[in-house]
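So you can see what is in the structure, the chains are spelled out below.
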Amino acid sequence: MEVKMKEISCEITLKRKDIFSFSMRHTYFGFSGMFGLLLSALCLVLLATNFSSFQWVVRIGLFCIGLMFPVLQPVMLWIKSGAQAKQNKNINSTLHYVIQEKGILVSQGDQEVSVPWYEVRKKKKSKHYIYVYMSPVRAFIFPADQCGEIYEEMNQVITEQIAKHRYFDRETEKATEEEIDAQTDTEGSLEEEDSLNS
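To keep things clear, this report deals only with the structure shown in the data block.

Rules of the game
- Residues numbered from 1 in each chain as written.
- Predicted model: local features only at pLDDT ≥ 70, side-chain atom pairs only at ≥ 80, totals over all residues.
- Heavy atoms only, no water.
- Helix = DSSP H or I, 4+ residues; strand = E, 2+ residues; numbered from the N terminus.
- Polar contact = N/O pair within 3.5 Å; in protein donor to acceptor, adjacent residues only side chain to side chain.
- Contact = heavy atoms within 4.5 Å.
- 1 Å grid on protein atoms, 1.4 Å probe; cavity = no way out; pocket = protein on both sides within 12 Å on 5 of 7 lines; lining within 4 Å.
- Points joined across faces, edges and corners; volume = space filled by probe spheres on them.
- Pairing = 2+ DSSP bridges.
- Axes fitted to C-alpha atoms, helices over the stretch in contact; angles between N-to-C directions.
- Core = buried A, V, L, I, M, F, W, Y, C linked by side-chain atoms within 4.5 Å.
- Buried < 20%, exposed > 50% of the residue type's maximum accessible area, 1.4 Å probe, protein only.
- Phe/Tyr/Trp six-rings, centres within 6.5 Å; stacked < 30°, edge-to-face > 60°.
- Lys NZ or Arg CZ within 6 Å of the ring centre and 35° of its normal.

The residue Thr27 is located in helix H1 (residues 16-28) in this model. Among the polar contacts made by the side chain of Thr27, one reaches the main-chain carbonyl oxygen of Ser23 at a distance of 2.7 Å. The contact partners of Thr27, leaving out residues within four places of it in the chain, are Ser32, Gly33, Gln73 and Leu77.

This brings us to the layout of surface pockets. What the largest pocket holds in volume is close to 450 Å³. Residue lining of the largest pocket: 22 residues in total, with Leu14, Phe22, Arg138, Ala139 and Ile141 positioned closest to the centre. Elements that contribute at least two residues to the lining of the largest pocket include exactly H1, helix H3 (56-90), strand S2 (95-99), strand S4 (111-116) and strand S7 (138-143). In terms of residues, the lining of the largest pocket owes the most to one element, H3, which gives six residues.

With antiparallel pairing, four strands are arranged side by side in an open sheet as S1-S2-S3-S4. Each having just a single partner strand, strand S1 (8-12) and S4 make up the two edges of the open sheet. Strand-to-strand twist in this sheet, taken as the mean axis angle between neighbours without regard to direction, amounts to 20 degrees. Examined bridge by bridge, S2 and strand S3 (residues 103-108) share four bridges and lie antiparallel to one another. Counterpart to Val98 in the pairing with S3 is Leu105.

The subject of this paragraph is the nonpolar core. With 23 residues, the main nonpolar core has Ile99, Val132, Phe140, Phe142, Met154 and Ile158 as its most contacted residues. Those elements that provide at least two residues to this core are S1, S2, S3, strand S6 (129-135), S7, helix H4 (144-147) and helix H5 (151-164). The element that contributes the greatest number of residues to this core is H5, accounting for five residues. Setting aside residues up to four positions removed in sequence, Ile158 forms contacts with Ile99, Trp117, Lys123, Ile130, Val132 and Phe142. Judged by nonpolar contacts, the second largest core, of six residues, contains Phe22, Tyr129, Ala139 and Ile141.

Time to look at the packing of aromatic side chains. Inspection of every chain in the model, using the stated rule, returns nine aromatic pairs. Centre to centre, the rings of Phe31 and Phe35 are 6.1 Å apart; their planes meet at 20 degrees, and the pair counts as stacked. Within this pair, Phe31 and its partner Phe35 are both found in helix H2 (residues 31-49), separated by four residues, close to a single helical turn. Taking the relative accessible area as the measure of exposure, Phe31 reaches 73% and is therefore exposed. Aromatic ring contacts, followed pair by pair, group Phe22, Tyr129, Tyr131 and Tyr133 into a single cluster. Here Arg25 stacks its cationic end above the ring of Phe29, 5.1 Å away from the centre of that ring. Positioned above the aromatic ring of Tyr133, the side-chain terminus of Lys122 is 5.0 Å from the ring centre.

What follows concerns the sheet that holds S6. Taken together, three strands build an open sheet; the order of strands is S5-S6-S7 and the sheet is antiparallel. Each of the sheet's edge strands pairs with one partner strand only, and the pair in question is strand S5 (122-125) and S7. Adjacent strand axes in the sheet meet at a mean angle of 20 degrees, parallel and antiparallel pairs treated alike. As judged from the six bridges shared by S6 and S7, these two strands associate in the antiparallel manner. Residue pairing across strands places Ser135 opposite Arg138, the latter belonging to S7. Helix-sheet contacts for H1 involve S5, S6 and S7, and the interaxial angle to S6 is about 60 degrees.

Below, the structure is given as structure tokens:
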């Protein structure tokens, strides 16, 4: 007899710090972000070690590039996050999430949308957030301080459902036997997740 999954529900209101954390992660946890930080560091080192050799125009240029990624861009992201949080607050952005066996149901007022598990690309967990990605730039954000006691349970259920539906056939809505066998062999790979101290 098949045991149905226990549904988990929570209400999330994204705040400025939540949007900022996701924006920082998206910006810097990738090749372009790391390259930008490295470029800034090299410019600052070059400016410090050869300050007297450069003309003032070059000094200003190196200084601006040096501050761009570690200082200026985070400040711009913080300002942008504040604007987004304010806009969401004005339209009453509290979202009700239900983690179901078929997917994640999101509702706001009389509007709702269901995202099936096979559309979820990956999940990342940190100390303070669970990110459930549908695309590289689109994700559900579950802050630990709003999820409360169900945070770890939610993380476990999401991990299990993503593994279960990894080889899901979108057209037939079934997983083939070969894919299920392959899933069984590789299921442990999804247990590896980020242990970030954000």
